[in-house]
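Letter by letter, the chains look like this.
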Amino acid sequence: MLILIWLRGLLARRTGTLAAAAAGIALAVVLPALLGAFLSAAKATMTTRSIQRVPVDWQVERQPGQSLSVPMPGTSREVSFARIDGFESRRQGQTLTTGAGQVLGLPGDYAATFPGEMRLLAGQSTGPLLAQQTAANLHAAPGATITVRRPGLPDAPVTVTGVVELPAADSLFQRVGAPPGGQPQAPPDNVLLLPEADWHRLFDGIPRDRVRTQFHVRIGHRLPPDPAAAYTAVTGQARNLEERMAGTGLVGDNLGAALDAARADALYSQVLFLFLGAPAVVLAALLAALVTRAGTPRRATQQALLRARGASRGALVRLALAETVLVGVAGVLAGLGSAALAGRALFGSADVSWWAAVLGLLVAGVTVLLPALRATTVAAGRRPVGGPRRSHAWLRYGLDLWLLAGSAVIFWITSRNGYQLVLVPEGLPQLSVDYWAFAGPTLLWTGAGLLVWRLTRTVPLTWAVRPLTGGLASTVSAMLTRQRAPLARAATLAALAVMFAISTSVFDTTYRQQAQVDAELTNGADVTVSHTTATQGQLASVPGVARAEPLQHRFAYVGSDLQDLYGIRPTTTQLHDTYVSGGTAREILDRLARRPDALLVSQETVTDFQLRLGDQVRLRAEDGTTVPFHYAGIITEFPTAPRDSFLVANAAYLARHMPADTTYLITTDGTPPHQVAAELRGRLGPTVKITDVETTRQVIGSSLTAVDLSGLTAIELGYALVLAALATGLLLVLGFAERRRTYALAGVLGATPRQLGSFVWAEVALVGVVAAALGALCGWALSRMLVAVLSGVFDPPPDGLAVPWPYLGVLAVLGAVALLAAGAATVLAARRPPLTVLRDL
Amino acid sequence: MTPLVTCQELARAYGKGKNALVAVHSVTCELRPGQHVAITGTSGSGKTTLLHLLAGLDRPTAGRIAWPAFGDRPRGRVGVVFQGPSLLPPLDVAENVALPLLIAGAGEAEAKEQALLALAAIGLDDLAGSLPEELSGGQAQRVAVARVLAAEPRLIIADEPTAQLDSDSARRVVDLLTRVASRLDAALVVATHDPLVARRLPETWTMNDGALTC
């Protein structure tokens, strides 16, 4: 009965206090709930995208001399492969031949059944189709007749009806059942697709060791949303089929491989979540605890009164428990509801994480129930002002400094060893995560928080507040000195919120910048055009093209090592500084420009061949001719180049001594690259290879990095703004609310509104300056550490940190507005007639 | 002699219309330097409201009040001793006593010296560094009086300053107030339930249902 009366009274007369406490708990709940929803949605998206990206789920290959008696699951089509000696075409009296190739026999509805496997570029989709690269090699277009050189049989003419692109050629021509590392380096350049009947007519008579048969299968896609669970399900089904086939066939599990990569992406997302999201969850919980804790003095007074009137300790605990449940449940429901709404709006998932509810109830228990359990006597209702006279043990022993030193040492050790938290080995989808590296940022977070607390307590207040308070400096200083704890709490949380916002935004911006650089390196430019006879002037006249930079490419031997050789115009080529070693990009390019036969080589080549600057390097072309160059510098990255070793020379010198195909790197005038690429395709025809950076970025990015990381950062950057605003503004308002009596009494003693204002603005300025200065400093340090520790995520490593000035501008403005609003609200409240305030308290 | 405060048909009501509670009505009075007055009356008779009006801490809803000696703004120039604790919790005793002087524009050194003198005058200089929460009720009230003494006001208003004190402490506080007021030639108004306190002042006014009988 007492509980009901008590709750009714609280609801009727302390609605605002209860609502503030519930809002605080909702704040702690909403971020982890939203992050949980993000992770679930991201994982489900990764699974869906993996399924969508795979044109053929399984390639079940019949073993030589065996017949498959087991029916294929789902939808399947039989595909025949024939290895042939090559193709030939005649054009204007000239005969063009290719090396060995493959001819596939496909059922008539193959393209409709597996639409992702091929894309028609020209002609008709029925009849013999030539792969784009093959068409370029043979200069063949739809309607052309080519010759197929069959092993053991006479050559056969085939009239091409269309040209296609094979987007998934790697998996299409995989060696089914090969051990890891046993797959072909690249798919065949020369490919012809024939209707099933034509294929049998041409190749039924060739040697059996030149032929293989596969069943291309699409299985049911009702899979668990988690990529790890989906991977387990799919690979299990594949092994089951292999077991039933009893050695007559092997399964090439394309879907399993894609899900395996997605599984690694999911692990990667969890690492990023821990690194970038966990501090925000802790900050939110601390902020919620402080907001909810604001009602503690009121509760302590009430409990003391109840105790004085004979209430037992048990009764007090039951009342506190009832208030805890009321506030906790309301806060949790509000938090989960808000997270569900935000999740649906941001990434279409309301699947919030329920462990966030546990966190909310924990915060309610710690901030509402725990103080009540401690306050068992009337004397406990007293409100001490100065706090403990003796400083905390951690302050005396310098724990903050030890933590920061520990963080620096761990960072130094890990950096010196080239340590990376996330390793992405070439060609392997798995990530290697060492959780020891979490220690560096964790110690930095904790140490920075405690350091801000220490500095807020030790700053010379009288000197600091004198500009704002004038003759009242010593009084204001004394007031702030004896209220250091709430002041330090507000300043520390505000600084940590600023630190979180800065580090997250800098990391995110650097990440995006490097993803773009990676795409540019892979694609070469906004748009890249190769295998074309068009001139630079023709390309430059296409709408949307701002500049067309020619780039020559061919292969050359350094000793016995075959490397890519690029010819550039050093005066017009632009490179990032991180692409070169031993100077800036401009310096290295100038060195290249100074000598016609200058050559830039990779570090690996310098080491392998013991080169010194100025040494002659004799390159051997594939036709056996030898051309002398001189080693002029080291280049580490180059657009479109492989990562290990390649060469860069002057285009003019290369054209004179080793003529090569010209590729054009197109810079757009702001028109989206995919539009310019489409325009170029329309003008240059299907046999010209045209790629754009947007498409490349989607191809090279994992399912997570290409799409979903933006959801994570959107949540975190938005929440960082909210945290910064609340930490700076709300905590000040709560602190001021506790000091209403002080201001009212000062008003009774004759303090003018201006003088009362100086009390308030001094505190606002102190919190603002500490939060901005220390938050920015620690945020910068944390950004450097995050980028260094997560350097495996960046490819290539960044020149430096990318600073998102617009976001930081918004952060600064929002923080300042929150501070000013808190100050202005308090000044207005302090101007109320003091008697009214004293009567209300 | 110029009166410190003059009131004519002064009234103060809380709320409006039928539900309005009239705390003070039709009060006409005047206070001059050196005048020491006790205001008695039952609880709810309007004593505190009248004192707040006299101190300029509240505004009348009808009638007129003026402080010919202080101009338009009496707040800060009237020494007020409240019924309950009125010391600023985060300031120590000396800082509390010095605060009205600092607010009035005195220099830090001067304010501190005057505060310590005022504390010494009432025998509390050994508590100068204590926080209000460390004082007893009597000590806190005496510090509040010291705060008035330090500011040297010409009008001192004390609202039941002895209500929470034992008789010995009450006597010491009232003696202190009258001594201070006499030394400053200030007018002293003390609202009290206690007839013993009222008898220690030469003049007694009575409040009854918001009306004042001088």
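Residues numbered from 1 in each chain as written. Chains lettered and ligands numbered in written order. Predicted model: local features only at pLDDT ≥ 70, side-chain atom pairs only at ≥ 80, totals over all residues.

**Focus on the overall build of chain B**
Alright, step 1. Along chain B, the regular secondary structure elements total 6 helices and 9 strands.
Alright, step 2. Here chain B has a C-alpha radius of gyration of 17 Å; the compact-globule value for 214 residues is 17 Å, and the two agree.
Alright, step 3. Across its three principal directions, the C-alpha atoms of chain B cover 50 × 35 × 35 Å.
Alright, step 4. Counting over 214 residues, chain B shows a buried share of 50%. (Helix = DSSP H or I, 4+ residues; strand = E, 2+ residues; numbered from the N terminus. Rg over C-alpha atoms; globule rule 2.2 N^0.38 Å. Buried ≥ 20, exposed ≤ 12 C-beta atoms within 10 Å, placed from the backbone.)

**Here we look at the overall build of chain A**
Alright, step 1. Of regular secondary structure, chain A possesses 28 helices and 25 strands.
Alright, step 2. Along the three orthogonal principal directions, the C-alpha set of chain A runs to about 110 × 70 × 45 Å.
Alright, step 3. Sorting the 841 residues of chain A into buried and exposed places 44% on the buried side.
Alright, step 4. Look at the contacts in chain A between residues 6 or more apart in sequence, and 82% of them connect residues 24 or more apart. (Contact = placed C-beta atoms within 7 Å.)

**As for the domain arrangement of chain A**
Residues and elements named next belong to chain A.
Alright, step 1. Domains assigned within chain A are domain 1 (23–59 + 224–383), domain 2 (75–218), domain 3 (461–521 + 709–841) and domain 4 (525–692).
Alright, step 2. Here the C-alpha centroids of domain 1 and domain 3 sit 27 Å apart.
Alright, step 3. With 20 residues of domain 1 at the contact, the number on the domain 3 side is 22 residues.
Alright, step 4. For the side of domain 1 that touches domain 3, the secondary-structure elements that each account for two or more residues are helix H2 (15–53), helix H8 (254–293) and helix H10 (313–347).
Alright, step 5. For the side of domain 1 that touches domain 3, the element with the highest residue contribution is H8, accounting for 12 residues.
Alright, step 6. For the side of domain 1 that touches domain 3, the residue count by class is 19 nonpolar, 1 polar and no charged. (Domains from an automatic or database assignment. Nonpolar A, V, L, I, M, F, W, Y, C, P; charged D, E, K, R; others polar.)

**Some details on the packing of H2(A) against helix H11 (residues 355–374) of chain A**
Residue and element names in this part refer to chain A.
Alright, step 1. At a minimum axis distance of 8 Å, the contact between H2 and H11 shows a crossing angle of 160°. Between H2 and H11, the interaxial angle falls into the category roughly antiparallel. Taken as a pair, H2 and H11 cross one another with a handedness that is right-handed. Residues Ile 25, Ala 28, Val 29, Pro 32, Ala 33 and Gly 36 of H2 form the contact with H11, whose own contacting residues are Ala 356, Ala 357, Leu 359, Gly 360, Val 363 and Ala 364.
Alright, step 2. Split by residue class, the contact of H2 with H11 holds 10 nonpolar, 2 polar and no charged. (Axes fitted to C-alpha atoms, helices over the stretch in contact; angles between N-to-C directions. Parallel < 35°, antiparallel > 145°, perpendicular 65-115°, else oblique. Left-handed = near helix turned anticlockwise from the far one by under 90°.)

**Overview of unusual backbone geometry**
Alright, step 1. Unlike most non-glycine residues, A:Gln610 shows phi in positive territory, near 50°.
Alright, step 2. Looking at where A:Gln610 falls in the secondary structure, it is placed in the loop between helix H20 (603–608) and strand S21 (616–621).
Alright, step 3. The class for A:Gln610 is exposed, based on 7 C-beta atoms found within 10 Å.
Alright, step 4. With a phi close to 50°, B:Glu152 is a non-glycine residue in the positive phi region.
Alright, step 5. Within the secondary structure, B:Glu152 is located in the loop between helix H4 (137–151) and strand S6 (155–159).

**Focus on the confidence of the model for chain A**
All names here are of chain A.
Alright, step 1. Of all residues in chain A, 90% attain a pLDDT of 70 or more, and the chain-wide mean is 82.
Alright, step 2. In this model, residues 421–431 is a region of pLDDT below 50 whose contacts with residues beyond four sequence positions or in other chains number 25 contacts.
Alright, step 3. Confidence drops under pLDDT 50 across residues 702–707; counting only partners more than four residues distant or on other chains, this segment forms 19 contacts. (pLDDT = per-residue confidence, 0-100.)

**A word on the interface of chain B and chain A**
Alright, step 1. Taken together, the contact between chain B and chain A spans 22 residues of the former and 21 residues of the latter.
Alright, step 2. The dominant element in the side of chain B that touches chain A, judged by the number of residues it contributes, is helix H2 (residues 93–103) of chain B, at 5 residues.
Alright, step 3. A per-class count over the side of chain B that touches chain A returns 12 nonpolar, 5 polar and 5 charged.

**Overview of the sheet that holds strand S2 (residues 21–31) of chain B**
Residues and elements named next belong to chain B.
Alright, step 1. Judged by pairing direction, the sheet is antiparallel, and its 3 strands sit side by side in the order S2-S1-S4 without closing on themselves. Looking along the sheet, the strands with just one partner apiece sit at the ends: S2 and strand S4 (62–66). Averaged over all adjacent pairs, the angle separating strand axes in this sheet is 25°, with direction ignored.
Alright, step 2. The pairing of strand S1 (residues 5–14) with S4 spans 4 bridges and is classified as antiparallel. Looking across to S4, one finds that Thr 6 is bridged to Ala 66.
Alright, step 3. Contacting S1, S2 and S4, helix H1 (residues 47–55) crosses the sheet at an angle of about 50° to S2. (Pairing = 2+ DSSP bridges.)

**Focus on helix H3 (residues 108–121) of chain B**
Residue and element names in this part refer to chain B.
Alright, step 1. Here H3 contains 14 residues, and its C-alpha end-to-end distance of 20 Å stays within 8% of the 20 Å for a straight helix at 1.5 Å per residue.
Alright, step 2. On its buried face, H3 is in contact with H2 and H4.
Alright, step 3. Once H3 finishes, Gly 123 follows within two positions and takes phi at roughly 75°, a positive value. (Expected span 1.5 Å × (residues − 1).)

**Thoughts on the confidence of the model for chain B**
Interpretation of the predicted coordinates at a detailed level should be avoided for regions scoring low in pLDDT.
Alright, step 1. Overall, the prediction assigns chain B a mean pLDDT of 87, with 98% of residues at 70 or greater.
Alright, step 2. Our summary of model confidence lists the complex with pTM equal to 0.72 and ipTM equal to 0.86.

**Some thoughts on the sheet that holds strand S7 (residues 187–191) of chain B**
Residues and elements named next belong to chain B.
Alright, step 1. Taken in spatial order, the 6 strands line up as S5-S6-S7-S3-S8-S9 in an open sheet, and their pairing is mixed. Looking along the sheet, the strands with just one partner apiece sit at the ends: strand S5 (78–81) and strand S9 (211–213). Across the sheet, the mean angle from the axis of one strand to that of its neighbour is 20°, orientation sign disregarded.
Alright, step 2. Relative to S6, S5 runs parallel, the two being bridged by 4 bridges. Bridge pairing in S6 links Val 81 to Ala 158.
Alright, step 3. Sitting on the sheet, H4 is in contact with S5 and S6, with an inclination near 180° to S5.

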